[in-house]
Amino acid sequence: SACLCDAGYTMQGGLCVACPAGTYKAANGSSCIACPVNSYSLAAAAQCACNAGFSGEFDSCSICPNGTYGPGGDVACIPCKTCDVHAIPKGNCPVGSGVDGMECSCKSGYFGNGAVCIKQVIPFPSLVSMAPASLFCVKPNQVVDMVINNFPAFYLSDVSATFQ
């Protein structure tokens, strides 16, 4: 009775050896076959996988269309990032891309991840109270306490005021 090699292996000189990279063998007893166009395999593969920029089954890999990318294998093409109208797009995502080449950054006056940009709103501060109540008699180096509403939280330094 003849020996049969497992999937991914072929008979060579009476021994089972791994099918080389770029080939596959799906069943016992057959020979290694070259991977179809737009697909690849590692050594000892039972089947091939679609190249990056392509998707589908290994024997019918389709190129990812413009605006999408494909990591390869049997993963479907994935839409590339879409930038917010208030973002600056950089890069591209052409037909057959293996990675998302789009980067988005919010324009000045906006914050966010680029896919969503939100207008930065700086609140208008208003004076609520001050002590002493009358500044007519403020002496040099005198401390004046003020309570201010809507002071911007991102203002990280001390606030100073000069009264003349």
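Look a little higher up for the structure.
Residues numbered from 1 in each chain as written. Predicted model: local features only at pLDDT ≥ 70, side-chain atom pairs only at ≥ 80, totals over all residues. Heavy atoms only, no water.

## Digging into the overall build of the chain
Consideration 1: Of the regular secondary structure elements, the chain holds 0 helices and 16 strands.
Consideration 2: Taking all 164 residues of the chain together, the buried fraction comes to 23%.
Consideration 3: Considering only contacts in the chain between residues 6 or more positions apart, those separated by 24 or more positions represent 22%.
Consideration 4: Carbon and sulfur atoms provide 59% of the accessible area of the chain, an area that totals close to 11,200 Å². (Helix = DSSP H or I, 4+ residues; strand = E, 2+ residues; numbered from the N terminus. Buried < 20%, exposed > 50% of the residue type's maximum accessible area, 1.4 Å probe, protein only. Contact = heavy atoms within 4.5 Å. Areas by Shrake-Rupley, 256 points an atom, 1.4 Å probe, with all protein chains shown as cover.)

## Brief notes about the nonpolar core
It is characteristic of soluble globular proteins that their nonpolar side chains tend to be buried jointly.
Consideration 1: Listed in full, the 9 residues of the largest apolar core are Y69, C80, C83, A87, C93, M102, C104, C106 and C117.
Consideration 2: Not counting the four nearest positions on each side in its chain, M102 is found in contact with C80, K81, C83, P89, K90, G91, N92 and C93.
Consideration 3: If you look at the next biggest cluster of nonpolar residues, it comprises 5 residues, including Y24, C35, C48 and F58. (Core = buried A, V, L, I, M, F, W, Y, C linked by side-chain atoms within 4.5 Å.)

## So, the packing of aromatic side chains
Consideration 1: Throughout the structure, instances matching the rule amount to 1 aromatic pair.
Consideration 2: An angle of 75 degrees between the planes, with centres 5.1 Å apart, marks the rings of Y24 and F58 as edge-to-face. Note that Y24 is positioned in strand 3 (residues 23-24) and F58 in the loop between strand 7 (54-55) and strand 8 (62-63), a separation of 34 residues in sequence. (Phe/Tyr/Trp six-rings, centres within 6.5 Å; stacked < 30°, edge-to-face > 60°.)

## Quick notes on unusual backbone geometry
Consideration 1: Within the chain, N38 stands out as a residue other than glycine whose phi angle is a positive 70 degrees.
Consideration 2: By the secondary structure assignment, N38 is in the loop between strand 4 (33-34) and strand 5 (39-40).
Consideration 3: Using a relative accessible area of 25% as the deciding quantity, one classes N38 as partly exposed.
Consideration 4: The phi angle at A44 is positive, at roughly 65 degrees, despite the residue not being glycine.
Consideration 5: Tracing the backbone through its elements, the reader meets A44 in the loop between strand 5 and strand 6 (49-50).

## Re the pattern of salt bridges
Consideration 1: The full count for this structure, using the stated rule, is 1 salt bridge.
Consideration 2: Notably, a salt bridge pairs D100 with K81, separated by 3.8 Å at the nearest N-O pair. A residue pair is termed long-range when its members are at least 10 positions apart, and D100 in the loop between strand 11 (87-91) and strand 12 (102-106) and K81 in the loop between strand 10 (78-79) and strand 11 qualify at 19 residues.
Consideration 3: When its relative accessible area of 21% is taken as the criterion, D100 is described as partly exposed.
Consideration 4: The class for K81 is partly exposed, based on a relative accessible area of 45%. (Salt bridge = Lys/Arg side-chain N within 4 Å of Asp/Glu carboxyl O.)

## A look at the environment of C80
Consideration 1: Following the sequence through the fold, C80 ends up in the loop between strand 10 and strand 11.
Consideration 2: Residue class for C80 comes out buried when judged on its relative accessible area of 9%.
Consideration 3: C80 sits 13 residues away from G67 along the chain, and the two C-alpha atoms are 5.6 Å apart.
Consideration 4: With residues up to four places along the chain from it excluded, the contact list for C80 reads G67, T68, Y69, C93, D100 and M102.

## A look at the pairing of strand 1 (residues 9-12)
Consideration 1: Of the pairings in the sheet, the one linking strand 1 to strand 2 (residues 15-18) comprises 4 bridges and is antiparallel in character. If you follow M11 over to strand 2, its bridge partner there is C16. (Pairing = 2+ DSSP bridges.)

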